[in-house]
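Per-entry structural report
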Amino acid sequence: MDPVLPAHGGACIDGIVPAVLGHVEGQAVPSWMPDAVSGARQVVLLVLDGLGWEQLQERVALAPTLAGMTGGPITSVAPTTTATALTSIVTGAPPGRHGVVGYRVHVGDGAVMNVLRWETEAGDARDAVPPELFQHEPAFGGRSVPAVIRSEFLSTGFTRAFLRGARLKGWRVPSTLVVEVAQLLRDGEPFVYAYYDGVDRVAHQYGMGEHYGAELRTADRLVADVAETLPPGAVLLVTADHGQVDVGQAVVTLDSELAADLVLLSGEGRFRWLHARPGSTEHVATAARELYGHRAWVHTRDALEAAGWFGGPLSAAAAARLGDVALIPFEAIAFLDPGDTGEVTLVSRHGSLTSAEMLVPLVALSG
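Residues numbered from 1 in each chain as written. Predicted model: local features only at pLDDT ≥ 70, side-chain atom pairs only at ≥ 80, totals over all residues. Heavy atoms only, no water.

Here we take up the sheet that holds strand β7 (residues 146-150). Taken in spatial order, the seven strands line up as β2-β19-β10-β1-β9-β7-β8 in an open sheet, and their pairing is mixed. Here the strands that pair on one side only, and so sit at the sheet edges, are β2 (70-75) and β8 (167-171). Taking the axes of each pair of neighbouring strands and ignoring which way they run, one obtains an average angle of 20 degrees across the sheet. When strand β1 (residues 42-48) meets strand β10 (residues 234-239), the two strands line up parallel, connected through six bridges. Bridge assignment links V47 to a residue of β10, and that residue is T239. Here helix α8 (residues 174-186) sits on the sheet in contact with β1, β7, β8 and β9 (191-196), set at roughly 175 degrees to β9. (Pairing = 2+ DSSP bridges. Helix = DSSP H or I, 4+ residues; strand = E, 2+ residues; numbered from the N terminus. Axes fitted to C-alpha atoms, helices over the stretch in contact; angles between N-to-C directions. Contact = heavy atoms within 4.5 Å.)

Further remarks concern the packing of aromatic side chains. Counted under the stated rule, the structure contains nine aromatic pairs. With 5.7 Å between their ring centres and 40 degrees between their planes, F271 and W273 make a pair best called tilted. Of the two residues, F271 and W273, neither departs from the other in class, the shared state being buried. Through pairs of rings, three or more aromatic residues link up here, namely F140, F191 and Y193. Over the ring of F134 we find R321; its NZ or CZ atom is 3.6 Å from the centre of that ring. (Phe/Tyr/Trp six-rings, centres within 6.5 Å; stacked < 30°, edge-to-face > 60°. Buried < 20%, exposed > 50% of the residue type's maximum accessible area, 1.4 Å probe, protein only. Lys NZ or Arg CZ within 6 Å of the ring centre and 35° of its normal.)

What follows is about helix α1 (residues 16-24). The buried count for α1 comes to seven of nine residues, which makes it a mostly enclosed element. For α1, the complete set of buried residues consists of I16, V17, A19, V20, L21, G22 and H23. Residues of α1 that are buried make contact with β1, β2, α4 (82-91), β9, β10 and β19 (359-366). Downstream of α1 by one or two residues, G26 has phi in the positive range, about 95 degrees.

Structure representation (C-alpha cells):
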C-alpha cells in the first residue's frame, strides 16, 4: 500500500489561501479550484475540521448541501493532524517551512509540547515557548483577514501561533458563527475565514457511527445556513484539514526492546515519532521495520524530508521538533505514547497518509 502524498504546489490545502488572495488581487485561480471562485467578489472559506472526502462520499444522503456543491477532493499535508494542517491552510506554507510539524512536538531539554493546548508536562508553555516565535509565517500573507473561530480559542497559544495577524472574531454556538460571517459580508469583507470543529470532536469521542452521522447532518445545516447569508457575487468555499480512520481499541504498545533504544516519543498515534539514543537511528529504524513494517510505513526523518513529505527542506526549527524515525500506520491502528494519556480515549483518529485521512473536500457554492 502506497501513501497518498501531499500535492504541494497543486491541489493541496496549503494552496487554498494563496489562490483566494491572488483572486482577490486580480489573478487567475488555478484549475483545481472550483470554477465558482473565479467570478466571486467575496469568498468565505469555511473549514470543517475532520471531514474527509471519503467519509463525506460514504454519507452523501446525510449532507445534501455539501453533496450539491461543485468541486472535488484535494490533499491535506503530512502529518494529517489539526495543528499542522490548519497552519498550512492559513499561512499557505508547507509544514517544513512553518514548523508546526505535529500534535506533540519536541521543544528542547526532553520536553514535548501539546501544540493544541500549548502545554508541556510542566503546564502552560506560553511563556517558555512564545507562540509568536514558534511559528513565523503570517496568516493570510500578512493581510488583515477576519477569522471566525470558537470564542474559547481566541487567546490560546496555538491561535496566537497560527493566526498571527488575523482579525479574530469569536463564536459561541453554530448560529453565532453564521451571524458573524453574515455581518462581515455585509461590511464588504472580500475574504472571510471561518472554522467549525464539531465533526472532528464527535469522531474522536464516538467514532463514525450514528453520532457521526448526526453531526454530519448538523454540519451540513451549518453550511446551508452560511450559504443563505451570501450576497450576490459571494462564494462559499468549504474544505477540511484532514479525514478520519476508526481505530477503536486497536492501540499498539511499543515492543520493550525497541523502547529501550528511545529517549522519548512525540507526534500522534497515527504518526508516531521515535527519538532514538545518539547513534542508534538506523538500528531503531531497522528494528521498527521488522516489528511493524507489515502494519505501518517506517521511515527516518531524513528519508521523509528527501521524499518531499513536508513540502521541501525542513527548517532547522522544524527538524529539531521531530524525532528520528516515524511509525505511520496504514492499518487502522495507533501507536501508544504512555506520556499522552488523553489520546488513549480517542475512537477515530488521524495523522497518517492513507486516502481516508489525506483526501479532503474543496467544494463551492455561489450566492
